[in-house]
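Inside the fold
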Protein chains: 2
Amino acid sequence: MGWFSKDIATMDDLFVHTLRDIYYAEHQIKKALPDMIEKATSPELKSGFETHLGETEGHIQRLKQVFKQHGVAEKGVTCPAIDGILKEADEIAGEVDDKQVLDAALIAAAQAVEHYEITRYGTLVAWAKQLGRDDSAALLQQNLDEENATDKKLTKLATGGINRKAA
Amino acid sequence: MGWFSKDIATMDDLFVHTLRDIYYAEHQIKKALPDMIEKATSPELKSGFETHLGETEGHIQRLKQVFKQHGVAEKGVTCPAIDGILKEADEIAGEVDDKQVLDAALIAAAQAVEHYEITRYGTLVAWAKQLGRDDSAALLQQNLDEENATDKKLTKLATGGINRKAA
């Protein structure tokens, strides 16, 4: 972002900026997931992260379509929010030795990531509709639905077994 | 956090660590809100942020009670996630000139903050129950309920008027 000018003049600019923010975030998540897969002990958690890695690739592809619909270059902008969330996930995982406690920490970290994506996609869907871009809204809604489903699966994993074993 | 030892051995340690994380986050949010109140143009948004500032003080008080129930010192640990979310909120607000676009950006930023709190309180409530601390779970649930309500109010503000005017 430019520090000496106000770069965002319209809702359309704000939409494109936020699209670039989540595009960057999805790429960072894609980079972070293999490490989380490696650290996870529970087979269900490991396979849940693997599934999500595949979905993340799909989200990136949908975002590319939205950039195309909007006629703007597909590129990311640094997103300090996801950088902070992933940094925290990495730090906490480094602090935990016990495998079941580590799984609980990994689930919590993954849910923080999901909630960041849920809020951004929720905002983007609303803005796309208001800008009269129902085509973009439909694609973004698909990403939102998958993030919501992943968050619910993680809650189920957490309350259904992993945390209980570790407590 | 200590970089040369694994400081989190049990679910109880993980619970206390995460409690300190959200305690720090609530304090940072309390510091950031006055600036957001000042920047907001819509009277409903301004008053929504003011209400939330009062609630944030209440959340901090409840967290102090949870620390007491747990018999551990009330203190924060640096939380890179909330630091990143608030940094991004500050940056984006600096990029926007138009008052209605700025309101839309402020709502999106505030919802990212709410979602971070929602995920952390959701995790803490689950862990408190699993640790047999229903007293702590009840207090944390009250914070969670208020964050959820704030997020819903922000969505209503966004879709009910502010974004529509700015688009």
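What you are looking at is a predicted structure, and each value in this text was computed from that prediction instead of being measured. (Residues numbered from 1 in each chain as written. Chains lettered and ligands numbered in written order. Predicted model: local features only at pLDDT ≥ 70, side-chain atom pairs only at ≥ 80, totals over all residues. Heavy atoms only, no water.)

**Side note on the overall build of chain A**
Going by this rule: Counting from the N terminus, the helices are DSSP H or I runs at least four residues long and the strands are E runs at least two residues long. The globule rule used here is 2.2 Å times the number of residues to the 0.38 power, and the radius of gyration it is set against is calculated over C-alpha atoms. We call a residue buried when its accessible area falls under 20% of the maximum for its residue type, exposed when it is over 50%, and partly exposed in between, using a 1.4 Å probe and counting protein chains only. Any two residues having at least one pair of non-hydrogen atoms within 4.5 Å are treated as being in contact. Note on areas: these come from Shrake-Rupley sampling with a 1.4 Å probe, and a residue is covered only by the protein chains present in the view. Counting rule applied: Lys, Arg positive; Asp, Glu negative; His and chain ends not counted. A charged residue contributes its charge at one atom only: NZ of Lys, CZ of Arg, CG of Asp or CD of Glu.
Each helix and strand in chain A was counted, giving five helices and zero strands. For chain A, the N- to C-terminal ordering of α and β elements is α-α-α-α-α. Over its C-alpha atoms chain A spans a radius of gyration of 17 Å, differing by no more than 12% from the 15 Å that the globule rule assigns to 167 residues. By its C-alpha atoms, chain A is 50 × 35 × 20 Å across when sized along the principal axes. Going through the 167 residues of chain A one by one, you find that 56% of them count as buried. Counting contacts in chain A only where the partners sit at least 6 residues apart, residues at least 24 apart contribute 79% of the total. Carbon and sulfur atoms form 53% of the exposed surface of chain A, whose accessible area is close to 7000 Å². For chain A, the distance from the average site of its 20 positive side-chain charges to the average site of its 28 negative ones is 2 Å.

**Here's the deal with the pattern of salt bridges**
Residues and elements named next belong to chain B. Basically, it comes down to this: By definition, a salt bridge exists where a carboxyl oxygen of Asp or Glu is found within 4 Å of a side-chain nitrogen of Lys or Arg.
This model, assessed by the stated rule, comprises 18 salt bridges over all chains. The shortest N-O distance in the salt bridge between Arg120 and Asp21 comes to 3.7 Å. In this pair, Arg120 sits in helix α4 (residues 99–130) while Asp21 sits in helix α1 (residues 11–39), placing the two residues 99 residues apart along the sequence. Residue Arg120 shares its accessibility class with Asp21, and that shared class is buried. Of the charged contacts, one joins Glu146 and Arg62 as a salt bridge, the two residues approaching to 3.5 Å between their closest N and O atoms. Placement of Glu146 in helix α5 (residues 134–166) and of Arg62 in helix α2 (residues 43–70) is noted, with a sequence separation of 84 residues between them. Judged by its relative accessible area of 24%, Glu146 is partly exposed. Among the residues examined, Arg62 registers a relative accessible area of 16% and is labelled buried.

**A short note on the interface of chain B and chain A**
Interfaces are often sized by the accessible area lost when the parts come together. Our working rule: Buried area adds together the accessible area that both of two parts lose upon being put together, with accessible area traced by a 1.4 Å probe. Any pair of N or O atoms that falls within 3.5 Å is considered a polar contact. Within protein, one atom must be able to donate a hydrogen and the other to accept it, and sequence-neighbouring residues count only if both atoms are side-chain atoms. For this classification, Asp, Glu, Lys and Arg are treated as charged, while Ala, Val, Leu, Ile, Met, Phe, Trp, Tyr, Cys and Pro are nonpolar and the rest, including Gly, are polar.
Counting from both sides, the interface comprises 49 residues of chain B and, opposite them, 49 residues of chain A. For the chain B and chain A pair, buried surface summed over both sides reaches about 4100 Å², with 61% attributable to carbon and sulfur atoms. Together, B:Glu88, B:Glu95 and B:Gln130 form the three largest contributors to the area buried by chain B at its contact with chain A, with a combined 18%. At the boundary of chain B with chain A, the tally comes to two salt bridges. The closest approach of N and O atoms between A:Arg120 and B:Glu88, which form a salt bridge, is 3.2 Å. On inspection of chain B and its partner chain A, the count reaches 13 residue pairs in polar contact (both at pLDDT 80 or more). When residues of the side of chain B that touches chain A are traced back to their parent elements, those giving at least two are α1, α3 (80–95), α4 and α5 of chain B. With 15 residues, the top contributor of residues to the side of chain B that touches chain A is α4(B). Partitioned by chemical class, the residues of the side of chain B that touches chain A number 25 nonpolar, 13 polar and 11 charged.

**Looking at the nonpolar core**
For the record, the criterion: By nonpolar core we mean a set of buried residues, namely Ala, Val, Leu, Ile, Met, Phe, Trp, Tyr and Cys, connected to one another through side-chain atoms within 4.5 Å.
Ranked by size, the top nonpolar core spans 111 residues in total, and within it A:Phe49, A:Ile82, A:Leu140, B:Phe49, B:Ile82 and B:Leu140 carry the most contacts. What B:Phe49 contacts, discounting residues up to four positions off in sequence, is B:Leu33, B:Met36, B:Ile37, B:Ala40, B:Leu106, B:Ala110 and B:Leu154.

**Quick look at the relation of the copies chain B and chain A**
Put simply, the test is: Least-squares fitting of one copy onto the other uses the C-alpha atoms of those residues that reach a pLDDT of at least 70 in both copies.
Its rotation angle being 180°, the transformation that places chain B on chain A also includes 0.0 Å of axial translation and leaves an RMSD of 0.0 Å. On this basis, the relationship between the two copies can be described by a two-fold rotation axis. Across chain B, the rotation axis passes nearest the C-alpha of B:Gly84, at a separation of 2.4 Å. The share of interface residues of chain B whose copies in chain A are also at the interface is 100%, consistent with both copies meeting through the same surface.

**Focus: the packing of aromatic side chains**
Residue and element names in this part refer to chain A. Keep this limit in mind: Pairing of aromatic rings covers Phe, Tyr and the six-membered ring of Trp, with a centre-to-centre limit of 6.5 Å; geometry is then stacked below 30 degrees between planes, edge-to-face above 60, and tilted otherwise.
In total, this model carries two aromatic pairs over all chains according to the counting rule given. Aromatic side chains Tyr23 and Phe67 sit 5.1 Å apart centroid to centroid with 85° between the ring planes, which places their arrangement in the edge-to-face category. Taken together, the residues span a long stretch of sequence, with Tyr23 in helix α1 (residues 11–39) and Phe67 in helix α2 (residues 43–70) at a distance of 44 residues. Of the two residues examined, Tyr23 and Phe67, each falls in the buried class.

**Observations regarding the layout of surface pockets**
Cut-off, in case you're wondering: Cavities and pockets are defined on a 1 Å grid built over the protein atoms alone: a cavity is a set of grid points where a 1.4 Å probe fits but cannot escape, while a pocket is an open set with protein on both sides within 12 Å along at least five of seven lines, and lining residues are those with an atom within 4 Å of any such point. Grid points are joined across faces, edges and corners, and a volume is the space filled by probe spheres set on the points.
Here the largest pocket is characterised by a volume of approximately 510 Å³. If you go around the largest pocket, you meet 27 residues; those closest to its centre are A:Gly122, A:Thr123, B:Gln111, B:Asp151 and B:Thr155. Those elements that place two or more of their residues in the lining of the largest pocket are α4 (99–130) and α5 (134–166) of chain A together with α4 and α5 of chain B. Partitioning the lining of the largest pocket into residue classes produces 10 nonpolar, 13 polar and four charged.

**Quick notes on the confidence of the model for chain A**
Keep this limit in mind: Known as pLDDT, the predictor's per-residue confidence is scaled from 0 to 100.
Model confidence for chain A is summarised by a mean pLDDT of 92, while 93% of its residues fall at 70 or above. Model confidence for the complex: the whole-complex pTM is 0.92, and ipTM, which rates the interface, is 0.91.

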